[in-house]
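# Residue-level structural notes
In case you want the letters, here they are:
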Amino acid sequence: MPEEWMVRVAGKEYGPVDLGALRVWQTEGRLIAENEVRRVGDDNWRPAGVVLAIFGDVAPIHAHSPTAAHRRTWPQVLAETFSIYRAGLGRFLLFGLLSAVPMFALQWTLPKMQMPDLSARASGTVAWPTLSPISVLLLLLVVAVWPISTAGFQFVADDLLQGRTRRFSDQLQAAVARWRQVFVAGLIVYGSYLFWFAMPFAVLLGLGSSGQLSLLNTFLFLLVGSFMVYMNARLFINFLFWHQTSALRSEGSLAALHESKELARCVPDGPRLERPLYRGALVASVWLLVILVFSFGIQLPFLIARLMAAGTPEEAVALARAATEATSPDLLTILADLASAAVNLFLQPLLAAIFVVLYYDARARAGNDVEEDEFSPPAD
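Values in this document were obtained by computation on a predicted structure and should not be read as measured data.

In this section: the packing of aromatic side chains. The tally for this structure, following the rule as stated, stands at 13 aromatic pairs. A ring pair is formed by Trp-146 and Tyr-190, whose centres lie 5.9 Å apart and whose planes are at 70°; its orientation type is edge-to-face. Taken together, the residues span a long stretch of sequence, with Trp-146 in helix H4 (residues 133-162) and Tyr-190 in helix H6 (residues 179-208) at a distance of 44 residues. Between Trp-196 and Phe-227 the ring centres are 5.7 Å apart and the planes differ by 70°, which places this aromatic pair in the edge-to-face class. Linking Trp-196 in helix H6 with Phe-227 in helix H7 (residues 215-238), this pair joins segments that are 31 residues apart in sequence.

Written out as structure tokens, the structure reads:
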């Protein structure tokens, strides 16, 4: 029978749990060296940091550094972001590859969508492609590893920001332990986006397919379109810090989403560029612009190389159709996809790093004392 232990924090006792659970709590930062522990049946409490079976050769870890949650100027935010990026790039890439590799393989196995033939006037039903078994397996693999990759990004940035020393295996173990919480939160987040985009969009398609251009139809079209934009904007605000709260906190998915909402909406009367909402929106807007510029800049040379063989616009369209509908990718497609995947792999850690910094900035502005959460029992 494995040894069972009790943990005492601020006079409260937690447990009993085995050493494996204590090790997981330690890697997650929820059990720090100063917390007291004792074996079940033993009345002698001692600091957890002296128990080699729990901390081993890992340096004592504090769940939250007193310097992590403080207000930052924009120069400080950027300086800390690039410092985290440089120091943690190797581990960021490892966590990024967890989801990037199966995602890259998935896009090559997906069935090709036929481009519409503009010269054909005959109308008919559209044959929707079906996923092959290998595509389904890869899709399930992406879904399985994505929460680990997402949580891993947050742990790498959080450890560096707080000056903690952890092995990659410990960070990976902590990310795996957060799988369920991140997965459920992501299901709620992306399900909400899908619902509030698909439902109004279906209404817009219905209005557009009526074939009648009237003042009422135009008004309804603008009204539904505005409502769709409004709802997705509210979702963006409410879910602004959900990556950080679902990975770095232990209260459960719903509590993590609630905290994200509260942090985004805190300091409503402060200067706009100091409000967490405006900071997050500005970072997200710049990020989207950078991704679009890099994506276009990467794909353009390959597109030019492909179309150089075309002498007429019709030949260019034919070449584009052949590349889109090809059952297997050619060399230019492979190189273009590899270049895009590599750039995204190197840029993604920047977004994770800056949002972890903004997350602690928001906690400071909201008046949350992060030191109170040095230990919390696992969510049910």
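Following the structure, the description resumes.
Along the chain, Gly-41 turns up in the loop between strand E3 (36-39) and strand E4 (46-47). Taking relative accessible area as the criterion, Gly-41 reaches 74% and is therefore assigned exposed. Measuring from C-alpha to C-alpha, the distance between Gly-41 and Trp-5 comes to 9.0 Å, with 36 residues separating the pair along the chain.

Pairing is antiparallel across the open sheet formed by four strands, whose spatial order is E2-E1-E3-E4. A strand with exactly one partner marks an edge of an open sheet, and here the two such strands are strand E2 (12-18) and E4. Alignment of strand E1 (residues 4-9) against E2, held across five bridges, turns out to be antiparallel. Its bridge partner lying in E2, Val-7 is registered against Tyr-14. Running over the sheet, helix H1 (residues 19-28) touches E1 and E2 and is turned about 120° from E2.

In this structure, the amide linkage connecting Gly-15 to the following residue, Pro-16, adopts the cis form with an omega of 5°. Within the element layout of this structure, Pro-16 appears in strand E2. For Val-267, which is not glycine, the phi torsion reads 55° and is therefore positive. Along the chain, the position of Val-267 falls in the loop between helix H9 (253-265) and helix H10 (276-307).

Low pLDDT means the predicted atomic positions in that stretch should not be read closely. The predicted model of the chain averages 82 in pLDDT, with 84% of residues at 70 or higher. Looking across the chain, the model is least confident in helix H11 (residues 313-325), with a mean pLDDT of 71, and most confident in helix H8 (residues 242-248), with 94. Taken together, the stretch residues 57-66 has pLDDT below 50 and engages in 35 contacts with residues farther than four places along the chain or on a different chain. Scored below 50 in pLDDT, residues 118-126 makes zero contacts in the model with residues more than four places away or belonging to other chains.

What follows covers the nonpolar core. Counting residues in hydrophobic clusters, the biggest one holds 40 residues, and the most contacted among them are Ile-84, Phe-241, Trp-242 and Tyr-360. Of all the secondary structure elements, the ones that give two or more residues to this core are helix H3 (74-109), H4, helix H5 (168-177), H6, H7, H8, H9 and helix H12 (331-366). Core analysis: the next-biggest nonpolar cluster, separate from the first, contains 14 residues, Val-9, Ala-33, Ala-48 and Ile-54 among them.

Let us look at a nonpolar patch on the surface. Together, Leu-110, Leu-131, Ile-134, Val-136, Leu-137, Leu-139, Leu-140 and Val-143 make up a nonpolar patch on the protein surface, roughly 670 Å² of accessible area in all. Mapping Leu-110 onto the fold places it in the loop between H3 and H4.

The next subject is the pattern of salt bridges. Within this structure, the stated rule accounts for 13 salt bridges. Note that Arg-363 and Glu-259 form a salt bridge whose closest N and O atoms lie 2.4 Å from each other. Separated by 104 residues along the polypeptide, Arg-363 in helix H12 and Glu-259 in helix H9 bring together distant segments of the chain. Here Glu-274 and Arg-365 are joined by a salt bridge, their closest N and O atoms 3.5 Å apart. Taken together, the positions of Glu-274 in the loop between H9 and H10 and Arg-365 in helix H12 put the pair 91 residues apart, joining distant regions of the chain. Beyond isolated ion pairs, a larger network of salt bridges with shared partners links Asp-158, Asp-159, Arg-164 and Arg-166.

Contact pair H3 / H5: the axes reach a minimum separation of 11 Å and the direction vectors enclose 40°. In this view, H3 runs oblique relative to H5, as classed from their interaxial angle. Here the hand of the crossing between H3 and H5 comes out right-handed. Every residue of H5 that contacts H3 at Arg-91, Leu-94, Phe-95 and Leu-98 is listed here: Phe-168, Gln-171, Leu-172 and Ala-175. Here the residues of the contact of H3 with H5 are counted per class, giving six nonpolar, one polar and one charged.

What counts and what doesn't
- Residues numbered from 1 in each chain as written.
- Predicted model: local features only at pLDDT ≥ 70, side-chain atom pairs only at ≥ 80, totals over all residues.
- Heavy atoms only, no water.
- Phe/Tyr/Trp six-rings, centres within 6.5 Å; stacked < 30°, edge-to-face > 60°.
- Helix = DSSP H or I, 4+ residues; strand = E, 2+ residues; numbered from the N terminus.
- Buried < 20%, exposed > 50% of the residue type's maximum accessible area, 1.4 Å probe, protein only.
- Pairing = 2+ DSSP bridges.
- Contact = heavy atoms within 4.5 Å.
- Axes fitted to C-alpha atoms, helices over the stretch in contact; angles between N-to-C directions.
- pLDDT = per-residue confidence, 0-100.
- Core = buried A, V, L, I, M, F, W, Y, C linked by side-chain atoms within 4.5 Å.
- Patch = residues over 30% accessible without salt bridge, like charges linked within 9 Å, V, L, I, M, F, W, Y side chains within 5 Å.
- Areas by Shrake-Rupley, 256 points an atom, 1.4 Å probe, with all protein chains shown as cover.
- Salt bridge = Lys/Arg side-chain N within 4 Å of Asp/Glu carboxyl O.
- Parallel < 35°, antiparallel > 145°, perpendicular 65-115°, else oblique.
- Left-handed = near helix turned anticlockwise from the far one by under 90°.
- Nonpolar A, V, L, I, M, F, W, Y, C, P; charged D, E, K, R; others polar.

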